[in-house]
Amino acid sequence: AGRSAVSSSTMSESSLGQLPESSVGAADRKTIVGIAGAVAATVVVLLLPTPADLPPEGQRLGAVFLAAIILWATEAIPIAVTALLVIVLQPIFEVAELDAAFNAFVSPVFFFVLAMFCIAASVTNAGLDRRFAYWLLARAGTDSRRVIAALIIGTAATSVMISDVPACAIFMSIGLGVMSRLNLEPGKSSIGKAIMIGVPIGSLIGGVTTPAGSSVNIIGLHFIQEFGNVTVTFVEWMAIGLPMAIGLVPIACWAVLKSYPPEIATIGDAGEIERERAALGTMSAAERKAVTLLSIMMVLWIAGSWIPFLDVLTVGLGGAIVMFLPGMRLLTWKQAERAIGWDTLLMIGGVTSLGTASVEAGLAGWLVDLALGGVANWHIVWVLLAISAFTVVIHLALPIGPVVNAVVIPPIALLAVGAGVHPALYALPVAFTASCAFLLPLDAVALLTYSRGYYRMHEMLAPGALISAAWVVWMTVVMLVVGGLLGFV
């Protein structure tokens, strides 16, 4: 559910002893380079003169933050180990007490992500994901452009309730099947590039539709509540997220197909897809149970906007628990253990702890003031454009969605409070745009497909820049219109 490094890294580590000697050597070099880079960056930051407006503890935390980002990005050491390291380093660098660091580590976000892993696993186990995908592809026919668009739209639709990483993985596997039947060569096929770039983009866009679509959303809501002292309800988020997704998915399809038009007019045999779909038969009992449970959870999430105890976490955890009960049996604990990305969970905890510490140490406020200082005096249109554009660009330095929210939302929310503006007006564009990671495949969702070799890193930039520009403008429009109706403006 979370957006950190993908579970394939864990599998590669567990099978390291079986790799050829050259591969082991490459892994060792990667580890050495990553650790050396993190240590060097830490030393450089600590030796630099402390900026006038930054407290000394803020500079020390900046060194910890930079080291963590390098270690997470390079995976020099396991992601979960880095998450634990940042907890230990906070008291060592005299940034925060150990108790405070651990209190922020185990947040509601941690348990929500745990619940969403279980929900995604139950849907996959039931086979509901493949039924939906084949239904969609059967309607796309054999036109290659329509098949590519169907995969993007299907990923976005799945990501509304199933978090973006598993949604991307599901449709990536279906796309790989399509390309395998066509014998498309990785790196040379325009269709391959369009599918493998379009699927993660669709996943990220669809993921912002509801709070349940991504752990990044939940982290954003957590920081808005903690530092803005306001609660954004499920319905309020969805009132913004739904038009965002509806407006951006067609743009994503257009941008991807414009950048990488298919070299083949038709794809395969429509009858083959229909036969595969027919082979699934009628909906199984497990599928019906999964649909019923997800529908009930959606209704309860919406009702939670008026019934306080039905918050996103309570409903998410409750739904996950029901999956294990007699009569449901959508999931066993052994299956859940295999499906849960424990490295992602621990990383979410580390990011949350660092985000809280960054506010306490003054680092977050200093960074945002450095980049967005004075925007509170601008016209609201330019403020919203600047915040969204800044969040898009900062992905190049902070390629992890939860980190973006942890660094930017707390000071932005405090800036809004100081300016007498509703905190959600400034903070929600960050929470949403933290998912706008389209310029380069640095986010874990895009890395899923990038690792397959169908496109090079720079080849995501062309469609990604078009969609990112549209995102910034559309985010501003939606916040002004819908935010005004919700009382944020």
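Residues numbered from 1 in each chain as written. Predicted model: local features only at pLDDT ≥ 70, side-chain atom pairs only at ≥ 80, totals over all residues. Heavy atoms only, no water.

Time to look at the overall build of the protein chain. Scanning the protein chain from N- to C-terminus turns up 23 helices and zero strands. Over its C-alpha trace the protein chain gives a radius of gyration of 22 Å, about what one expects of a compact globule, namely 23 Å for 489 residues. For the C-alpha atoms alone, the extent of the protein chain along its principal axes is close to 70 × 60 × 50 Å. A total of 489 residues make up the protein chain; the buried ones form 54% of that total. Here the analysis covers contacts within the protein chain between residues at least 6 apart in sequence; of these, 79% occur between residues at least 24 apart. (Helix = DSSP H or I, 4+ residues; strand = E, 2+ residues; numbered from the N terminus. Rg over C-alpha atoms; globule rule 2.2 N^0.38 Å. Buried < 20%, exposed > 50% of the residue type's maximum accessible area, 1.4 Å probe, protein only. Contact = heavy atoms within 4.5 Å.)

Moving on to helix H8 (residues 144–158). What sets the pattern is the α-helix's 3.6 residues per turn: residues three or four places apart point alike. Relative to the 21 Å expected for 15 residues at 1.5 Å per residue, H8 spans 21 Å between its end C-alpha atoms, a close match to the ideal helical length. Within H8, eleven of the 15 residues are buried, leaving the element largely enclosed by the surrounding structure. Of all the positions in H8, only Ser-144, Val-147, Ile-148, Ala-149, Ala-150, Leu-151, Ile-152, Gly-154, Thr-155, Ala-156 and Thr-158 are classed as buried. Among the structural elements, helix H7 (128–140), helix H9 (164–181), helix H10 (190–206) and helix H12 (234–259) are those in contact with the buried residues of H8. (Expected span 1.5 Å × (residues − 1).)

Here we come to the packing of H8 against H10. One way to put it is that H8 packs onto H10 with a least axis distance of 7 Å and a crossing angle of 25 degrees. The angle between H8 and H10 falls in the class roughly parallel. Of the two elements, H8 crosses H10, and the hand of that crossing is right-handed. Across the interface between the two elements, Ser-144, Ile-148, Leu-151, Ile-152, Thr-155 and Ala-156 of H8 pack against Ile-191, Ala-194, Ile-195, Gly-198, Val-199, Gly-202, Ser-203 and Gly-206 of H10. Of the residues assigned to the contact of H8 with H10, the class counts are eight nonpolar, six polar and no charged. (Axes fitted to C-alpha atoms, helices over the stretch in contact; angles between N-to-C directions. Parallel < 35°, antiparallel > 145°, perpendicular 65-115°, else oblique. Left-handed = near helix turned anticlockwise from the far one by under 90°. Nonpolar A, V, L, I, M, F, W, Y, C, P; charged D, E, K, R; others polar.)

The next subject is the packing of aromatic side chains. One pass over the full model with this rule turns up eleven aromatic pairs. Each ring, one from Phe-132 and one from Trp-135, has its centre 6.1 Å from the other, and the planes form 20 degrees; the classification is stacked. Of this pair, Phe-132 and Trp-135 both sit in helix H7, three residues apart, which is roughly one turn of that helix. Look at Phe-132 and you get partly exposed, because its relative accessible area is 28%. Residue class for Trp-135 comes out partly exposed when judged on its relative accessible area of 34%. Geometrically, the ring pair formed by Tyr-450 and Tyr-455 is edge-to-face, given 5.6 Å between the ring centres and 65 degrees between the ring planes. (Phe/Tyr/Trp six-rings, centres within 6.5 Å; stacked < 30°, edge-to-face > 60°.)

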